[in-house]
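Structural overview for review
Given next are the chains, with one letter for each unit.
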Number of protein chains: 2
Amino acid sequence: VPRTAARALSTPRRTRKDARRNYAQIVAVASAAFAVHGADASLEAIAREAEVGPATLRRHFPTRYHLLEAVFSHRVAELVERTRHLAEEPDPAVALVLWLRSVGSYMAASRGLAESLMQGADQQLDVTFDGETCYAMVLAAGDELVQRAHAFAVLRAGVTTEDLITIMYAFCIAADQAHHDAGIVDRLLEIALHGIFSTQPRTPG
Amino acid sequence: VPRTAARALSTPRRTRKDARRNYAQIVAVASAAFAVHGADASLEAIAREAEVGPATLRRHFPTRYHLLEAVFSHRVAELVERTRHLAEEPDPAVALVLWLRSVGSYMAASRGLAESLMQGADQQLDVTFDGETCYAMVLAAGDELVQRAHAFAVLRAGVTTEDLITIMYAFCIAADQAHHDAGIVDRLLEIALHGIFSTQPRTPG
């Protein structure tokens, strides 16, 4: 009897644990599949790769839209977590650069997704989760790093978190539209960080 | 007889002069109309504004595409001329900033046009005139200013003309896509010119 009782108790727990594992596994696989194949990636292939049946995938995500939304939400949460983690980086300038690169990677991976989610709308970050837009979430997390960088006078006076996100957004869509390799974003960021102008002008000699 | 001969000679001359005037006038009006109303601007309104009949407009520009092409070519020529003019500006840093702003204005005005010309292609500057792409023409003219700025060590070492054009392109499409006011381009350029980073980091006080 205790054995049966133990089984009766453990089964739903194991099921919930399995369900959570399945959910997380599907989202992780889908995130990679959408990044590689775009928002039209095969749902069958995703289920296969995540080692779940098509019925399980459908139970968690009734439509492709639900899965896209979960992947997008997952990526925003990852970026926000990474941003908070960077607040512990001792050098505020290093934290800022690592944050900008993370914002760039997030944008590069999410651009197509966000467009699919908004069905043609063009403002990539304005998807809402729990009443807060992704843009607001990314902005609020970034603000902490930016304020710290200002406190250490690492940032040029007057430069805002929004300026920095817009600059990364600009570089990412330019790289995308001009079919440049991803390396161009790092190159442009490097120039923008230190300035187009040299700090030591001299007469030609 | 001399009078008739004079008239016979002068008539085609006057006609050619009128034709040139009409052509230039149509292109100038169309350039403004396309900038305001986009590539679908009314050809009738353009003819009216340019004070020519619809038949005259059609004789010069058999299709809307011919007119779009003439306007685009005219703008590229204007930018190249402005760039050459800036080479005479005594301060190479000032010349560079004025050039970057001109590139931005050209891009802002030409973006929709270029897209119409290429019918959906996304690389805005790659339209060909006389076998040379607009991009190559804009680049070659800019190179002179950039080389001079490098000679005076005004520019950060390693920054290329292509980098600068890509940065302006990035800021322009970001401003466009995010429905920002045009002022954002100047703001982002200002940050990129002097750098996101402050040049004098200090400990917080």
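Residues numbered from 1 in each chain as written. Chains lettered and ligands numbered in written order. Predicted model: local features only at pLDDT ≥ 70, side-chain atom pairs only at ≥ 80, totals over all residues. Heavy atoms only, no water.

**A look at the overall build of chain A**
- Within chain A, the secondary structure is distributed over eight helices and two strands.
- Each helix and strand of chain A, ordered N terminal to C terminal, gives the series α-α-α-α-α-β-β-α-α-α.
- By the burial criterion, 43% of the 205 residues in chain A qualify as buried.
- Across chain A, contacts joining residues at least 24 apart in sequence account for 65% of those joining residues at least 6 apart.
- Put simply, chain A shows about 10,800 Å² of open surface, and 53% of that area lies on carbon and sulfur atoms. (Helix = DSSP H or I, 4+ residues; strand = E, 2+ residues; numbered from the N terminus. Buried < 20%, exposed > 50% of the residue type's maximum accessible area, 1.4 Å probe, protein only. Contact = heavy atoms within 4.5 Å. Areas by Shrake-Rupley, 256 points an atom, 1.4 Å probe, with all protein chains shown as cover.)

**Some points on unusual backbone geometry**
Residues and elements named next belong to chain B.
- Unlike most non-glycine residues, Glu51 shows phi in positive territory, near 60°.
- Looking at the element boundaries, Glu51 is found in the loop between helix 2 (43-49) and helix 3 (54-60).
- Owing to a relative accessible area of 67%, Glu51 belongs among the exposed residues under this scheme.
- Although it is not a glycine, Ala153 adopts a positive phi angle of roughly 55°.
- Checked against the element boundaries, Ala153 lands in the loop between helix 6 (134-151) and helix 7 (161-177).

**Focus: the packing of aromatic side chains**
Residues and elements named next belong to chain B.
- Using the criterion set out here, one finds five aromatic pairs over all chains in the structure.
- With centroids separated by 5.1 Å and ring planes inclined at 35°, the aromatic side chains of Tyr23 and Phe61 adopt a geometry described as tilted. Linking Tyr23 in helix 1 (residues 2-37) with Phe61 in the loop between helix 3 and helix 4 (64-86), this pair joins segments that are 38 residues apart in sequence. (Phe/Tyr/Trp six-rings, centres within 6.5 Å; stacked < 30°, edge-to-face > 60°.)

**Quick notes on the side chain of Asn22(B)**
All names here are of chain B.
- As for its position among the elements, Asn22 is in helix 1.
- Judged by its relative accessible area of 16%, Asn22 is buried.
- Separated by 2.8 Å, the side chains of Asn22 and Arg21 make a polar contact.
- Those residues within four positions of Asn22 in sequence are excluded, and the remaining contacts are Val52, Thr56 and His60. (Polar contact = N/O pair within 3.5 Å; in protein donor to acceptor, adjacent residues only side chain to side chain.)

**Digging into the packing of helix 6 (residues 134-151) of chain A against helix 7 (residues 161-177) of chain A**
All names here are of chain A.
- It is at 9 Å that the axes of helix 6 and helix 7 come closest, and there the two elements cross at 115°. Relative to helix 7, the crossing made by helix 6 is right-handed. Where helix 6 approaches helix 7, its residues Tyr135, Val138, Leu139, Gly142, Asp143 and Val146 are matched on the opposing element by Thr161, Glu162, Leu164 and Ile165.
- Classifying every residue of the contact of helix 6 with helix 7 by side-chain character gives six nonpolar, two polar and two charged. (Axes fitted to C-alpha atoms, helices over the stretch in contact; angles between N-to-C directions. Left-handed = near helix turned anticlockwise from the far one by under 90°. Nonpolar A, V, L, I, M, F, W, Y, C, P; charged D, E, K, R; others polar.)

**Observations regarding the environment of Asp40(B)**
- The residue Asp40(B) is located in the loop between helix 1 and helix 2 in this model.
- Each C-alpha atom, one on Asp40(B) and one on Arg64(B), is 8.7 Å from the other, the two residues being 24 residues apart in sequence.

**Side note on the pattern of salt bridges**
- Following the criterion strictly, the structure yields four salt bridges over all chains and no others.
- Asp163(A) is the salt-bridge partner of Arg187(B), the closest N and O atoms lying 2.6 Å from each other. Here Arg187(B) is found in helix 8 (residues 183-194), whereas its partner Asp163(A) is found in helix 7 on a different chain.
- When its relative accessible area of 36% is taken as the criterion, Arg187(B) is described as partly exposed.
- Here Asp163(A) falls in the buried class, since its relative accessible area comes to 4%.
- With a closest N to O distance of 3.7 Å, Arg101(B) and Asp186(B) form a salt bridge. Of this pair, Arg101(B) sits in helix 5 (residues 92-118) while Asp186(B) sits in helix 8, placing them 85 residues apart in sequence. (Salt bridge = Lys/Arg side-chain N within 4 Å of Asp/Glu carboxyl O.)

**Here's the deal with helix 6 of chain A**
Residue and element names in this part refer to chain A.
- Here helix 6 is 18 residues long and its end C-alpha atoms lie 26 Å apart, about the 26 Å a rise of 1.5 Å per residue gives.
- Along its length, helix 6 shows its largest kink, about 30°, at Asp143.
- Of all the positions in helix 6, only Cys134, Val138, Leu139, Ala141, Gly142, Leu145, Val146 and Ala149 are classed as buried.
- Remark: Ala153 follows helix 6 within two positions and exhibits a positive phi of approximately 55°. (Expected span 1.5 Å × (residues − 1). Bend = angle between axes of the 7 residues up to and from the residue.)

**As for helix 8 (residues 183-194) of chain A**
Residues and elements named next belong to chain A.
- Taking 1.5 Å of rise per residue, the twelve residues of helix 8 would be expected to cover 16 Å, and the 17 Å separating its terminal C-alpha atoms lies within 8% of that figure.
- Along helix 8, the positions that sit buried rather than exposed are Ile184, Val185, Leu188, Leu189, Ile191, Ala192 and Leu193.
- In the stretch just after helix 8, Gly195 is the one whose phi turns positive, near 105°.

**Considerations on the nonpolar core**
- Counting residues in each nonpolar core, the largest one holds 88 residues, and the members touching the most others are Trp99(A), Ile196(A) and Trp99(B).
- Filtering out sequence-adjacent residues up to four positions away, Trp99(A) remains in contact with Thr83(A), Leu86(A), Val138(A), Gly142(A), Leu145(A), Val146(A), Thr161(A), Leu164(A) and Ile165(A). (Core = buried A, V, L, I, M, F, W, Y, C linked by side-chain atoms within 4.5 Å.)

**Observations regarding the side chain of Ser102(B)**
- Within the fold, Ser102(B) resides in helix 5.
- Residues in contact with Ser102(B), not counting those within four places in the same chain, are Leu79(B) and Arg82(B).

**Observations concerning the confidence of the model for chain A**
Residues and elements named next belong to chain A.
- Per-chain confidence: chain A averages 82 in pLDDT, with 77% of residues scoring 70 or above.
- Below pLDDT 50 for its whole length, residues 119-125 participates in 19 contacts with residues either more than four positions away or in separate chains.
- ipTM for the predicted complex: 0.75, alongside a pTM of 0.78. (pLDDT = per-residue confidence, 0-100.)

**Concerning the packing of helix 8 of chain A against helix 7 of chain B**
- Contact geometry of helix 8 of chain A with helix 7 of chain B gives a least axis separation of 11 Å together with a crossing angle of 90°. Here helix 8 of chain A lies roughly perpendicular to helix 7 of chain B, going by the angle between them. Where helix 8 of chain A approaches helix 7 of chain B, its residues Arg187(A), Leu188(A) and Ile191(A) are matched on the opposing element by Asp163(B), Thr166(B) and Ile167(B).
- Grouping the amino acids of the contact of helix 8 of chain A with helix 7 of chain B by side-chain chemistry returns three nonpolar, one polar and two charged. (Parallel < 35°, antiparallel > 145°, perpendicular 65-115°, else oblique.)

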